[in-house]
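# Architecture at a glance
One letter stands for each residue in the lines below.
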Amino acid sequence: MAKIKMLRPLVPTSSGRTIRIEPKRADPIYHSEEHKRWREQVLFDASFRCQWVESGSRCTKAAPQHRLFADHIKELRDGGAPFDPANGQCLCGAHHTRKTVQARANR
Ligand SMILES: [Zn+2]
């Protein structure tokens with residue numbers, strides 16, 4: 001394992017120091033055409049606006065001012081359907097992070 005860690009790329013930071021970044025291990029599913037279509041459908045169905053609802057109010061963040069994420073309501077690692085639009089919701093970055101952290105905590 002130590003040898004692999006040494007192969008992580010060195011990245012210069014704004015402070016002039018270099019740090020090693022962890023390799024991103026994205027599921028190959030996220031690179032598929034099917035996923036791309038699913039993502040577009042989820043964002044379209046949400047009218048390109050975050051679907052997070054809190055205290056009865058829907059989040060107002062929308063594209064193109066905000067980056068949006070197609071989120072699996074039931075995450076793939078929890079057995080959620082990867083390409084079912086009904087298992088998708090459009091979330092802004094902040095809400096996507098909150099949802100992901102919550103799903104992890106519930107696991
Ligand atoms: Zn939001």
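Up top you'll find the structure we're talking about.
A brief look at the structure comes next. (Residues numbered from 1 in each chain as written. Predicted model: local features only at pLDDT ≥ 70, side-chain atom pairs only at ≥ 80, totals over all residues. Heavy atoms only, no water.)

### A word on the nonpolar core
Counting 12 residues, the largest nonpolar core consists of W38, V42, L43, A46, C50, W52, C59, L68, A70, C90, L91 and C92. For this core, the secondary-structure elements that each account for two or more residues are helix 2 (33-45), strand 5 (68-72) and strand 6 (88-92). Contacts of A46, omitting those with residues within four sequence positions, involve Q51, R58 and C90. (Core = buried A, V, L, I, M, F, W, Y, C linked by side-chain atoms within 4.5 Å. Buried < 20%, exposed > 50% of the residue type's maximum accessible area, 1.4 Å probe, protein only. Helix = DSSP H or I, 4+ residues; strand = E, 2+ residues; numbered from the N terminus. Contact = heavy atoms within 4.5 Å.)

### Digging into the environment of F83
Residue position: F83 is located in the loop between strand 5 and strand 6. By relative accessible area, which is 25% here, F83 ends up partly exposed.

### Re the coordination of the zinc ion
Of the protein atoms, only C50 (SG), C59 (SG), C92 (SG) and H95 (ND1) coordinate the zinc ion, at distances of 2.0 to 2.4 Å. Classification of the site at the zinc ion as tetrahedral follows from its 4 donor atoms and the range of 100 to 120° in their angles at the metal. For the zinc ion, all donor residues lie on one chain, and their spacing in sequence is C-x8-C-x32-C-x2-H. Taken together, the residues C59 in the loop between strand 4 (57-58) and strand 5 and H95 in helix 3 (residues 93-106) connect sequence positions 36 residues apart. (Donors = N, O, S within 2.8 Å, 3.2 Å for Na, K, Ca; no water. Tetrahedral: all angles 85-135°; square planar, octahedral: opposite > 155°, others 65-115°.)

### Concerning the pattern of salt bridges
The final tally for this structure, using the stated rule, is 5 salt bridges. Notably, a salt bridge pairs E75 with R107, separated by 3.0 Å at the nearest N-O pair. Of this pair, E75 sits in the loop between strand 5 and strand 6 while R107 sits in the segment after helix 3, placing them 32 residues apart in sequence. Under the relative-accessibility criterion, R107 is labelled partly exposed at 40%. Residues joined in a network through salt bridges with shared partners are D71, E75, D78, K99 and R107. (Salt bridge = Lys/Arg side-chain N within 4 Å of Asp/Glu carboxyl O.)

### Some words on helix 3
An ideal rise of 1.5 Å per residue puts 20 Å on 14 residues; helix 3 measures up with 20 Å between its terminal C-alpha atoms. By the burial criterion, the buried members of helix 3 are H95, K99, T100 and A103. All buried residues of helix 3 fall inside an arc of 135° around its axis, so they share one side. Exposed residues on helix 3 whose side chains face more than 90 degrees from its buried face are R104 and A105. Where helix 3 is buried, its residues touch strand 5 and strand 6. (Expected span 1.5 Å × (residues − 1). Arc of directions from axis to C-beta.)

### Looking at the pairing of strand 6
The buried fraction of strand 6 amounts to 5 of the 5 residues, a majority that puts the element mostly inside the structure. The side-chain alternation of strand 6 yields two buried faces, one formed by G88, C90 and C92 and the other by Q89 and L91. For strand 5 and strand 6, the ladder comprises 5 bridges, and the chain directions are antiparallel. Across the sheet, residue H72 finds its bridge partner in strand 6, namely G88. (Pairing = 2+ DSSP bridges.)

### Notes on unusual backbone geometry
Along the chain, A63 connects to P64 via a cis peptide bond; the corresponding omega equals 0°. Looking at the secondary structure, you find P64 in the loop between strand 4 and strand 5. Of note, S47 is a non-glycine position whose phi angle comes to about 55°, a positive value. Judged by its relative accessible area of 58%, S47 falls in the exposed class.

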